[in-house]
Structure formats: C-alpha cells, structure tokens
Amino acid sequence: MNIKPLNVLGAEVSNVDLKALSGRNSVQEIQDAIDKYKVLFFRDQNLDGDELTNLAKEFGPPFVQPALSEKYQDLLVIETNSEKPPYLNTFHQDMTGLEEPPALFFLEGVIIPDSGGDTIWSCNETAYESLSTSMKEFLNTLNCKHSLLYYYEPIFSKWEHGQEKKLEFQKDFPPISHPLVRTHPHTGKKCLFVNKFFTESVEGLKEDESKALLSFLYGVIEKPEFCVRLKWESGTIAVWDNRCTSHYAVADYYPETRRLQRAAVAGEKVS
Ligand SMILES: [Fe+2]
C-alpha cells in the first residue's frame, strides 16, 4: 500500500485492492492512515453496493442514515441529474444532530460528469489549531445546540411523507448538546465541531453573539489553506473521518448526472 500525502489533510492511496483486504493488518493500516490524513482517496476500485457496505463493516458497525431517502438503508445512493439538481453546496459535517454522529464515510463515484462535481474536504483540526490560545481557551468552555430538524425541516416540506417524517424526527431526534471543541477518540487531538447544517446556536451566548461566533468559525474552517479537493472518476472511493473534517460537494455540473454510493460507520458520543 502506497500513501501519498496531499494537503494539510488528505492522501492518495495506491497499490491496494479494497475488494480483497488481506485480513486485520490491512484494515488497521488503513484505519491508521485515516487517523493521520483524515481523508483518503483510492482510485479504480469499482465496488458494487454490497462490497462497499462490507468494506465499511470492517471498520465498525454500520451507520444507517435516518432521513436522506424516504427509506431506511445502509447503502445510500446519491444521485443528482437534470430533474434533481445538486443542492448540497455548503460545507458541513453529516448528521451531527444525533447523539452519536457517524464516524466514517466510504463514498464511491459511480457516474461522474465529464467536468465538475468535485468534492472538497476541510480540516477542522487545523482550523482549531490556527486560533490563538485565548480563543481556544474560550471555545473549550462552550457547548452548541445541534438539531437534525434545523436542516431537514425545509426538505421535509417538499416530500410526500415529509409531515410524517417531521413528527417522527421531533419525537425521535430532539436537539442535542455537543462540545464546540471535540477530542478525537483515537488521536486525542482537538477540532472544531460546528457546521452550517446542524449547529443551531452556541449555548449560553446571546443570539447575535452566537451567530457572529459561528460565522467566524465557519470562515476559519472554509479557508482554502485547510482544504483538499478531489476530482472524481468512476470507481474512485473517498474515505473520511466525519468527526474532524467538513465537506462540500461542488454543484457546478447541472444538468449532467452524478451518482455516488455511500456506506457509513457508526460513531460515538461526542466528547
Ligand atoms: Fe454530507
């Protein structure tokens, strides 16, 4: 297995066949690389849906997305086309409105537009490290309110069964409090843990203070210096740690079709 580091995060991994990982050593080697580089890119893998979910299961129990489609499933097919334009062009972390947000994602390109459709990841750990000691000390004292409905409510209003889903979410997924700075369970490193999709507010601050602080932090997270960008090909698999990175799907390929498939690994309580 060859690993070529890219920017402050990200590495291109070659000389490995993800269909045939040879035992625990290879899984541990990849897990170590995820911990170190946070995002890994593997080219020419071409796994089918079952192979992709089986691969993810080597790294931990599956995370089942509760809402992106109207069905519960552990393989998520993400397709945008002329009738379903891309819309996720905002930096975010996934599903942080849950008590235990997903830890890892395995995303594979299936149909890739001739041009455009890249994904960008940013490093929430480097973003945190770039701040002054005084700011870090202040942030370490804070918690934020995260909510799934904060993001999903406008989406549910467009779904046939959206009202049902909204009621289910109100009951099953009430807002949750997470530390603004979380500590990675494997590396012990700290990172910013806020995102535009699910972070409603900073607890204990006035509304305008909370908005200004979050807006400042998003500006830091989104600095190009803290990012890496992937040009997809069919068969490319990106693996990333959702705890300490944010991602952005560049929506610049409409009306072309882009299809990806995704499996995910469950995470732990944020601390
Ligand atoms: Fe996402």
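Look up: the structure comes first, before these words.
Residues numbered from 1 in each chain as written. Predicted model: local features only at pLDDT ≥ 70, side-chain atom pairs only at ≥ 80, totals over all residues. Heavy atoms only, no water.

Draft legend 1. Examining the overall build of the protein more closely. The number of helices and strands found in the protein is seven helices and 15 strands. Its C-alpha atoms give the protein a radius of gyration of 18 Å, within 12% of the compact-globule value 18 Å for 271 residues. Looking at the protein residue by residue over its 271 residues, the buried ones come to 52%. Within the protein, contacts between residues separated by at least 24 positions form 84% of all contacts whose residues are at least 6 apart in sequence. Approximately 12500 Å² of the protein is accessible, and the part contributed by carbon and sulfur atoms is 49%. Once the 29 positive and 40 negative side-chain charges of the protein are each reduced to a mean point, those two points are 3 Å apart. (Helix = DSSP H or I, 4+ residues; strand = E, 2+ residues; numbered from the N terminus. Rg over C-alpha atoms; globule rule 2.2 N^0.38 Å. Buried < 20%, exposed > 50% of the residue type's maximum accessible area, 1.4 Å probe, protein only. Contact = heavy atoms within 4.5 Å. Areas by Shrake-Rupley, 256 points an atom, 1.4 Å probe, with all protein chains shown as cover. Lys, Arg positive; Asp, Glu negative; His and termini not counted. Charge placed at Lys NZ, Arg CZ, Asp CG, Glu CD.)

Draft legend 2. Molecular detail of the coordination of the iron ion. In this structure, His92 (NE2), Asp94 (OD) and His247 (NE2) serve as the protein donors to the iron ion, at separations of 2.1 to 2.2 Å. The motif formed by the donor residues of the iron ion, counted along the single chain, is H-x1-D-x152-H. For His92, a relative accessible area of 6% puts it in the buried group. (Donors = N, O, S within 2.8 Å, 3.2 Å for Na, K, Ca; no water.)

Draft legend 3. Representation of unusual backbone geometry. Cis geometry is adopted by the peptide bond preceding Pro255, which originates at Tyr254 and carries an omega value of 5°. Structurally, Pro255 can be placed in the loop between strand 14 (245-249) and strand 15 (258-265). The phi dihedral of Asp44 falls on the positive side, at around 55°, and the residue is not glycine. Tracing the chain through its elements places Asp44 in the loop between strand 3 (39-42) and helix 2 (49-57). Overall, Asp44 belongs to the exposed group, its relative accessible area being 57%.

Draft legend 4. Region of interest: helix 5 (residues 148-156). Taken as a whole, helix 5 has its buried residues at Leu148, Leu149, Tyr151, Tyr152, Ile155 and Phe156. Taken down its axis, helix 5 places every buried residue within 160° of arc, on the same side. Turning to helix 5, the residues buried within the fold contact strand 7 (143-146) and helix 6 (162-172). You can read the cap of helix 5 off the contacts: a side-chain oxygen lies 3.2 Å from the backbone nitrogen of Leu149, and it is on Ser147. (Arc of directions from axis to C-beta. Polar contact = N/O pair within 3.5 Å; in protein donor to acceptor, adjacent residues only side chain to side chain.)

Draft legend 5. How the structure looks around the pattern of salt bridges. All chains considered together, the criterion is met by 16 salt bridges. Across the pair Glu207 and Lys211 runs a salt bridge, and its minimum N-O distance is 3.2 Å. Placement of both Glu207 and Lys211 in helix 7 (residues 207-221) is noted, with a separation of four residues, approximately one turn of the helix. For Glu207, a relative accessible area of 61% corresponds to the exposed category. Using a relative accessible area of 55% as the deciding quantity, one classes Lys211 as exposed. Residues joined by salt bridges that share partners form a network here, namely Arg182, Asp241, Arg243 and Glu268. (Salt bridge = Lys/Arg side-chain N within 4 Å of Asp/Glu carboxyl O.)

Draft legend 6. Highlighting the sheet that holds strand 6 (residues 119-123). The three strands are arranged 12-6-14 in an open sheet whose pairing can be described as antiparallel. Across the chains shown, the open sheet's two edge strands, defined by having one partner strand only, are strand 12 (227-230) and strand 14. Each neighbouring strand pair of the sheet contributes to a mean axis angle of 20°, computed without reference to strand direction. Inspection of the sheet shows strand 6 paired to strand 12 by four bridges, in the antiparallel sense. Bridge pairing links Ile120 to Arg229 in strand 12. (Pairing = 2+ DSSP bridges. Axes fitted to C-alpha atoms, helices over the stretch in contact; angles between N-to-C directions.)

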